[in-house]
Amino acid sequence: MPRKILIIEDDANLLYGMQAKFNVAGFQAMADAGLSKEDVLNKIKDFKPDFIILDLILPQVDGLELLKKIKANQETSSIPVFVFTNLSDQNSKSRGLDLGADYYFIKDDFSIDEFVGKVKKIIENMKKIGKIEK
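Note that the structure is predicted; figures quoted are calculated from it, not measured.

S.K.: So what's going on with the overall build of the protein chain? Which residues, and what values?
M.R.: Looking only at helices and strands, the protein chain features five helices and five strands. Reading the helices (α) and strands (β) of the protein chain from amino to carboxyl end gives β-α-β-α-β-α-β-α-β-α. Computed over its C-alpha atoms, the radius of gyration of the protein chain comes to 14 Å, within 12% of the 14 Å expected for a compact globule of 134 residues. A principal-axis box enclosing the C-alpha atoms of the protein chain has dimensions of 35 × 35 × 25 Å. Among the 134 residues that make up the protein chain, the fraction classed as buried is 43%. Contacts spanning at least 24 positions in sequence make up 62% of the contacts within the protein chain whose residues lie at least 6 apart. As displayed, the protein chain has an accessible area near 7,300 Å², and 47% of this comes from carbon and sulfur atoms.

S.K.: Talk me through unusual backbone geometry; I want residue IDs and the actual numbers.
M.R.: Phi angles above zero are rare outside glycine, and Lys48 is one such case at about 50°. Here Lys48 is to be found in the loop between helix H2 (37-47) and strand S3 (51-54).

S.K.: Got a sec to walk through the sheet that holds strand S2 (residues 28-32)? Specific residues and values, please.
M.R.: If you trace the five strands from one edge of the open sheet to the other, you get S2-S1-S3-S4-S5, paired in parallel fashion. Edge positions in the open sheet fall to S2 and strand S5 (103-106), since each of these has one partner strand only. Along the sheet, successive strands turn relative to each other by an average axial angle of 20°, direction set aside. As paired elements, strand S4 (residues 81-85) and S5 share four bridges and run parallel to each other.

S.K.: Which residues make up helix H3 (residues 63-72), and what values go with them?
M.R.: Buried within H3 are the following residues: Gly63, Leu64, Leu66, Leu67, Ile70 and Lys71. For H3, the buried positions fall inside an angular range of 155° around the axis, keeping them on one side. In the core, the buried residues of H3 are packed alongside strand S1 (4-8), H2, S3, S4 and helix H4 (90-98). If you check the start of H3, you find a side-chain oxygen 2.9 Å away from the backbone N of Leu64, and it comes from Asp62.

S.K.: Tell me about the nonpolar core, and name the residues and values.
M.R.: Counting 21 residues, the largest nonpolar core has Ile7, Met18, Phe22, Ile53 and Phe82 as its most contacted members. Going through the elements one at a time, S1, helix H1 (12-24), S2, S3, S4 and helix H5 (112-128) are the ones with two or more residues in this core. The leading source of residues in this core is H5, at six residues. Ignoring anything within four residues of it in the chain, the contact list for Ile53 reads Ile5, Leu6, Ile7, Ile8, Met18, Phe22, Phe82, Phe84 and Phe115. Leu64, Leu66, Leu67 and Ile79 belong to the second largest nonpolar core, which has 20 residues in total.

S.K.: I'd like a rundown of the packing of H2 against H3, residues and numbers included.
M.R.: The interhelical angle for the contact between H2 and H3, taken along N-to-C directions, is 35°, at an axis separation of 11 Å. Where H2 crosses over H3, the handedness of that crossing is right-handed. Of H3, the residues touching H2 (which contributes Lys37, Val40, Leu41 and Ile44) are Glu65, Leu66, Lys69 and Ile70. Tallied by class, the residues present in the contact of H2 with H3 amount to five nonpolar, no polar and three charged.

Conventions we followed
Residues numbered from 1 in each chain as written. Predicted model: local features only at pLDDT ≥ 70, side-chain atom pairs only at ≥ 80, totals over all residues. Heavy atoms only, no water. Helix = DSSP H or I, 4+ residues; strand = E, 2+ residues; numbered from the N terminus. Rg over C-alpha atoms; globule rule 2.2 N^0.38 Å. Buried < 20%, exposed > 50% of the residue type's maximum accessible area, 1.4 Å probe, protein only. Contact = heavy atoms within 4.5 Å. Areas by Shrake-Rupley, 256 points an atom, 1.4 Å probe, with all protein chains shown as cover. Pairing = 2+ DSSP bridges. Axes fitted to C-alpha atoms, helices over the stretch in contact; angles between N-to-C directions. Arc of directions from axis to C-beta. Polar contact = N/O pair within 3.5 Å; in protein donor to acceptor, adjacent residues only side chain to side chain. Core = buried A, V, L, I, M, F, W, Y, C linked by side-chain atoms within 4.5 Å. Left-handed = near helix turned anticlockwise from the far one by under 90°. Nonpolar A, V, L, I, M, F, W, Y, C, P; charged D, E, K, R; others polar.

Right under this line is the structure:
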């Protein structure tokens, strides 16, 4: 069964580009534009993703607040969260990591292909060290 990834991103090109790339890479990727915190939290509960990719800058949702909720909920706290954002300042990065982001990436540093490759490599390494099931 393919691993499930929920991508929360408001930029449609990036959102659907990543969804397509992860699907081609063998994942079951679901897209969410991050328009409502309740909708996103419900989607996480229903979809039960193995991984979450989260943009911190969303039109109607505070990404850091969403991250905090994901990590505070017992059912979702163990899901690895890959933050993928334009917030490159040290304060935002520190806050994201303090709130439980497992990985923090700056969008300007990666193309979609590079980012998907990086996430795949991290997931493979997580399997190798036993952090997630094979």
